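Spelled out, the chains give:
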Amino acid sequence: MPPPRPAELSAPPAEAAPEAPTPPPRPADLGSAVGAPPALQRAPDEAAVESVSCAAVFADLNIIAEPAPPLTNGNGNSACGVREGLTLRGVRLADGSTVMLQSAVHIRCAMAAAVAQWIRDDLAPTVAKSGSPLTRLVGVGAYECRLRNNQSSGKISEHATGNAFDVHAIGLKDGRTLQMMGAEPALKSLREDVKQSACARFTTVLGSGSDGYHEDHLHVDLAARRNGYRLCQWDIR
Ligand SMILES: [Zn+2]
């Protein structure tokens, strides 16, 4: 038998069903963007992310990519491989400009979709506010048959299934290259925004201050964990 309805639910609908609180408008000034807006703190629909097929990714004309044959037993290791993967080169933004990866990466299709959406919907708009449009991602990596943190023992890396993406720096149209990690005060709010968006889209985000292996680059992946547990570790100084 269901529990009795709380008294407040019996009130007239106008009072009983208030509008869900909306996040405050995002300040135009990056310097005042402190703390994640509530909308960015929700978990993404992981089931939806997982179900993204390669065909669906290629149907998105904003992806600059080529199909890649299934890769199993990479380097002779049965734990390595990408069954549904593609070669990602970049993404096309709404204004027709492109953000290219410094080098093409072999990556799982579902992860490619998440990375592309992050670049297009989060990273590019955030970076553009710094004064120059985002044009490239520098020092990128995805599939690689190895253990975590390039160690000789331990758990297999998400990179070994193409489920992870690394980026060292972002390139701007004006020629500047901004390192993802660092301690420049002028880049602090930009990095805070990048971290917020990454932690909203991916289940793992590792940067400086996380484990000693990510002092010079940002790692994101879609590792599936018990109870939807997520890692968002990037100590921005
Ligand atoms: Zn990585």
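Residues numbered from 1 in each chain as written. Predicted model: local features only at pLDDT ≥ 70, side-chain atom pairs only at ≥ 80, totals over all residues. Heavy atoms only, no water.

(A) Quick peek at the coordination of the zinc ion. On the protein side, the zinc ion has H159 (NE2), D166 (OD), D166 (OD) and H219 (ND1) as donor atoms, found 2.0 to 2.7 Å from it. Around the zinc ion, the four donor atoms are arranged such that angles at the metal cover 52 to 156°; this shape is classified as irregular. Taken in chain order, the donor set of the zinc ion reads H-x6-D-x52-H. Residue H159 is found in the loop between β6 (134–141) and β7 (164–172), and its partner H219 is found in strand β10 (residues 218–221); the two are separated by 60 residues along the sequence. Residue class for H159 comes out buried when judged on its relative accessible area of 2%. (Donors = N, O, S within 2.8 Å, 3.2 Å for Na, K, Ca; no water. Tetrahedral: all angles 85-135°; square planar, octahedral: opposite > 155°, others 65-115°. Helix = DSSP H or I, 4+ residues; strand = E, 2+ residues; numbered from the N terminus. Buried < 20%, exposed > 50% of the residue type's maximum accessible area, 1.4 Å probe, protein only.)

(B) Local environment of the nonpolar core. In this structure, L137 and F165 are the most contacted members of the largest nonpolar core, which totals 47 residues. Look past the residues within four positions of F165 in its chain and what remains in contact with it is L101, V105, I107, M111, V115, L137, V140, G141, H159, L218, H219 and V220. Of all hydrophobic cores here, the second largest spans five residues; its members include C80, V82, C145 and A160. (Core = buried A, V, L, I, M, F, W, Y, C linked by side-chain atoms within 4.5 Å. Contact = heavy atoms within 4.5 Å.)

(C) Region of the structure containing the state of the cysteines. Considering all chains together, one arrives at three disulfides under this definition. Residue pairing for C54: its cysteine sulfur links by disulfide to C109, the two sulfurs lying 2.0 Å apart. Between C54 and C109, the S-S dihedral sits near 95°, and the bridge is therefore right-handed. Taken together, the residues span a long stretch of sequence, with C54 in helix α4 (residues 54–59) and C109 in helix α5 (residues 109–128) at a distance of 55 residues. Take C54 and C109: they sit in the same class, and that class is buried. A disulfide bridge connects C80 with C145, and the sulfur atoms are separated by 1.9 Å. (Disulfide = S-S within 2.5 Å.)

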